[in-house]
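Now for the letters of each chain:
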Amino acid sequence: MHRQRLFSPALAATLAVCLMTGVGCGDDNKPSSPNNEEVHQSGPDASTLTDAGGNVSDSGTKPDAGGGTGGTPDSGSGTPDAGGGTGGTPDAGSGTPDAGSPPPVGQCGQEPSQAARSFCDPATWGGQAPTASSALVVSGEVVMDCDAEVRTVEIPAGATLRASRSKSSKLTLHGNLVVRGTLDYGSPDNRVCVPSAEIVFQGMDDAKFVGTPNQGPDGNVQGLPQMLPLTVVDSDYGVWVMGSGKLTAAGRLKRAWSKLTDGAGPGDTTLTVMEATGWEANDKVVLTPTAKSSVANHFLQFDEGAISSVDEATGRVTLKAAPKFDHAGCPSCVRRGEAINLSRNVVIRSFDTSAHAHMIVGEKGRLQLDSVELRALGPYKACTGGEPQRRAPIYFHQQLNDSRGSFVRHTSIWGGKNQFLAIEASHGVEVVDDAGYDTTGDGFTMQFDSHACGTRCQRDYAPADTVFRHVLGAKVAIPQRVSGCAAIGSVSAILPGGGENTGCDDCSVSGNAYNGGTFGNEAALFFGEMGTGRPSALVFKDSVAHNNAGHGISNWQNSEKTQPPYDNIQTWSNADNGIHHGAYTNGYEYINLIAQDNGEADFAVIAIQSDASRSRLENATLDGFRTLPYFLVPTLPVVIKNAKFTGVRNPAITQVQDACSGGNENDPNDGTCIRNWLHFDNPQVPKGVKPFLFANHQNKFSVWEVRNFKHADYPTLPANFDLYRKDNQVAGGAYNADFDAWLVPR
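Conventions adopted
Residues numbered from 1 in each chain as written. Predicted model: local features only at pLDDT ≥ 70, side-chain atom pairs only at ≥ 80, totals over all residues. Heavy atoms only, no water. Core = buried A, V, L, I, M, F, W, Y, C linked by side-chain atoms within 4.5 Å. Buried < 20%, exposed > 50% of the residue type's maximum accessible area, 1.4 Å probe, protein only. Helix = DSSP H or I, 4+ residues; strand = E, 2+ residues; numbered from the N terminus. Pairing = 2+ DSSP bridges. Axes fitted to C-alpha atoms, helices over the stretch in contact; angles between N-to-C directions. Phe/Tyr/Trp six-rings, centres within 6.5 Å; stacked < 30°, edge-to-face > 60°. Lys NZ or Arg CZ within 6 Å of the ring centre and 35° of its normal. Salt bridge = Lys/Arg side-chain N within 4 Å of Asp/Glu carboxyl O. Disulfide = S-S within 2.5 Å.

Enquirer: Residue-level account of the nonpolar core, with values.
Expert: Judged by nonpolar contacts, the single largest core of 123 residues is most densely connected at Phe 119, Phe 468 and Phe 625. When residues in this core are grouped by element, the largest group, four residues, is from strand β35 (residues 523–527). The next biggest cluster of nonpolar side chains, apart from the first, holds twelve residues, and it includes Ala 264, Leu 271, Ile 307 and Leu 319.

Shown next as structure tokens:
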């Protein structure tokens, strides 16, 4: 997918006019249908486990992993919603997310009493046994109960290809698997628990993939996003769920990833995670980086290993070999990594890593994955900026309401070359407890095609009613651009900015942009401007960005809408800004933020405030705060309430101190050298740390309003005062050398 990365001067001017006058804004004016072991996280207990339906159980009542009685499985409360939309009418999203009622956790499936025809029986195919050159069309019901090699398989409407519940199988294809009927490799209430059931693609060539490319030139013309028909392409090997086809796959229930409560390192093979449901000996695991930002290439300190033994009840894991790097863990502190379990017994994969198949869901197709491994999927064409377009391990293609009822749960997606999971103009997909590791290009994404309409798109097709819940994206590379074939550009592990009722809940990102670092305003977890819905109903809470090569989290949106506060976000040990908050103006608010040990600012604010009733930041714990130049002249102060500073950065609060260039520093309303306007209420700075360094600013009329101030080193200062540039000698004030500012009591 194309994403415009930076604003051109003309586009910036258009956007500024839009924001100030309401002209040229698309449909936005319409009514919308570190050293931190002492800092502990708040919010829900992260040791809870989501079951196959996204429900939460405490650690004492874990859902059964399949393969035994394991107690009484959750029976759920109905079947998944088949989708009540017309399929042709965009759904802006209203009410609560609709991914269907939770199905039961389920037990291991049994073979039906009436035997189906075997895939490997020549009689199934008219007396001819399948070979690597066979192009097969399934009729009736066929069971995959063997190892077989074919060229292609088509499952027409009304036909079923079912994986055996009693025998392992491997289906190797040298072409496409097209599903217009049913491909049944297990379901949450009828799991495949045999040692392995694999679908393998072999013989493709990434360079020959065509993709489903955008049509027409890039632009910024007001209108609807482009909607493209989906056609099977012979050269683009993979799974195509088309028509009203349905692909279900569910192996033994397995937690995709969990936070470390006790770490591991060189010489130490044991670790503990919050949840290890379904984890087994010989499973392949990955440990994410936790080193401080001062450590060179800290964002590359991943360790891959295998489990020797595991105590599922306590989460205690013993590895076959000690990791190379230290990986911190603790029950409730901030600096702790994650363990990803990559192994599943139901696998869809490429034959090896030399070429990569894909999976796409279009038209009225339905995809339901639970505890599945997607390995080495996602083709990549070098020096193209991320082509082929719309080819990923999982791609939901412009389905609107017809994607409702699809889900991806407890799934590992790893070792591919093009994204993890992409949702384009498709609503109501449930994404719960999934881990993506090691890819190129944006990882987990929600968006619509904005290549022709830019920031002026009507947002009817923004994916609605999908919240990424307990989703991890790690080790994500920047694609090679066309010019010079260099890895220059931006990339995001998670892009959760869809339409109404979307967002991220308990997400984690690390190792993003490891091959290039910061580019523009994007981040490892990024709420962008292009191709997103900028909704009112958005969830962003209990999420972490750590050890990324660029910014940790960025919101680069302009909106007059009010969203719920972003709650209990943690961002630490990122190479650039922890929070990079733009773009021009919005009223978005962070509460209970923890931002520490980031290479640049812990919280860098750019966007001016548009809502007088809200703070930008409240009850945060920070090493430091820094304001960057605004894009618009502020009419309200940016408010920071009850910020607690750790004392690591001295001074605690600073700003960019560049001189005015090209504007008039003596004009408070100058649109080039724009004044700064901040309001700090009850800033808490420890003894021995200077709270403020105002110094120079590009506009003489910049001001910091400080209220309810107390500091052990400044007992004689008033509780309320304003800080100005030292040459703006407002009446009643005096120069304060420590703050390098003109201080006026209030």
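Past the structure itself, the notes keep going.
Enquirer: Tell me about the sheet that holds strand β15 (residues 257–262), residues and numbers included.
Expert: Read once around its circumference, the closed barrel built from six strands follows the order β15-β16-β19-β18-β17-β20, with strand pairing classed as antiparallel. Ignoring strand direction, the axes of neighbouring strands in this sheet form an average angle of 45°. In the sheet, β15 pairs with strand β20 (residues 338–341) via three bridges, with the strands oriented antiparallel. Across the sheet, Ser 258 pairs through a bridge with Ala 339, a residue of β20.

Enquirer: How would you sum up the packing of aromatic side chains? Please name residues and give values.
Expert: Under the counting rule described, the total for this entry stands at 23 aromatic pairs. Between the aromatic rings of Phe 420 and Phe 444, the centroid separation amounts to 5.3 Å while the plane-to-plane angle is 40°, which identifies the pairing as tilted. Residue Phe 420 is located in the loop between β27 (412–414) and β28 (421–426), and its partner Phe 444 is located in strand β30 (residues 444–447); the two are separated by 24 residues in the primary sequence. Here Phe 420 and Phe 444 have matching classes, each one buried. Their ring planes at 90° and their centres at 5.0 Å tell us that Tyr 566 and Tyr 590 sit as a pair that is edge-to-face. Taken together, the residues Tyr 566 in strand β39 (residues 566–567) and Tyr 590 in strand β43 (residues 590–591) connect sequence positions 24 residues apart. Note on accessibility: Tyr 566 and Tyr 590 belong to one class, buried. Here the guanidinium or amino end of Arg 409 rests over the ring plane of Phe 407, the centre of that ring lying 3.5 Å away.

Enquirer: Can you break down the pattern of salt bridges residue by residue, with the values?
Expert: Under the defined criterion, the tally for this structure stands at 31 salt bridges. Residue Glu 198 pairs with Arg 349 through a salt bridge whose shortest N-O separation is 2.9 Å. In this pair, Glu 198 sits in strand β12 (residues 197–201) while Arg 349 sits in strand β21 (residues 346–350), placing the two residues 151 residues apart along the sequence. Each member of the pair, Glu 198 as well as Arg 349, carries the same accessibility label: buried.

Enquirer: Can you lay out the pairing of strand β29 (residues 430–440) for me, pointing to particular residues and giving the numbers?
Expert: Within β29, ten of the eleven residues are buried, which leaves it mostly tucked inside the rest of the structure. By the bridge criterion, three bridges tie strand β26 (residues 407–409) to β29 in an arrangement that is parallel. If you follow Arg 409 over to β29, its bridge partner there is Val 432. For β27 and β29, the ladder comprises three bridges, and the chain directions are parallel. Bridge pairing in β29 links Ile 413 to Gly 436. As paired elements, β29 and strand β31 (residues 466–477) share eight bridges and run parallel to each other. If you follow Thr 439 over to β31, its bridge partner there is Val 476.

Enquirer: Could you give me a rundown of unusual backbone geometry, with the residues and numbers involved?
Expert: With omega at 5°, the peptide bond leading from Glu 387 into Pro 388 counts as cis. As for its placement among the helices and strands, Pro 388 is situated in the loop between β24 (373–375) and β25 (394–400). Omega for the bond connecting Asn 650 with Pro 651 falls within 30 degrees of zero, at 5°, which places this linkage in the cis form. Within the fold, Pro 651 resides in the loop between β51 (644–645) and β52 (653–655). In the Ramachandran plot, Asp 438 falls in the positive-phi region, its phi being about 70° despite a non-glycine side chain. Within the fold, Asp 438 resides in strand β29. Phi at Asn 501 takes a positive value of approximately 60°, unusual for a residue other than glycine. Of note, Asn 501 is situated in the loop between β32 (494–495) and β33 (502–505). With relative accessibility at 12%, the residue Asn 501 sits in the buried group.

Enquirer: How would you sum up the state of the cysteines? Please name residues and give values.
Expert: Using the criterion set out here, one finds six disulfides in the structure. The disulfide bridge from Cys 504 ends at Cys 507, spanning 2.3 Å between sulfur atoms. Linking Cys 504 and Cys 507, the disulfide has an S-S dihedral of approximately -100° and is accordingly described as left-handed. The exposure classification of Cys 504 matches that of Cys 507, with both residues buried. Disulfide pairing places Cys 660 opposite Cys 673 at an S-S distance of 2.0 Å. Disulfide Cys 660-Cys 673: the torsion about the S-S bond is 90°, which places it as right-handed. In this pair, Cys 660 is assigned in the loop between β52 and β53 (677–681) and Cys 673 in the loop between β52 and β53, connecting sequence segments 13 residues apart.

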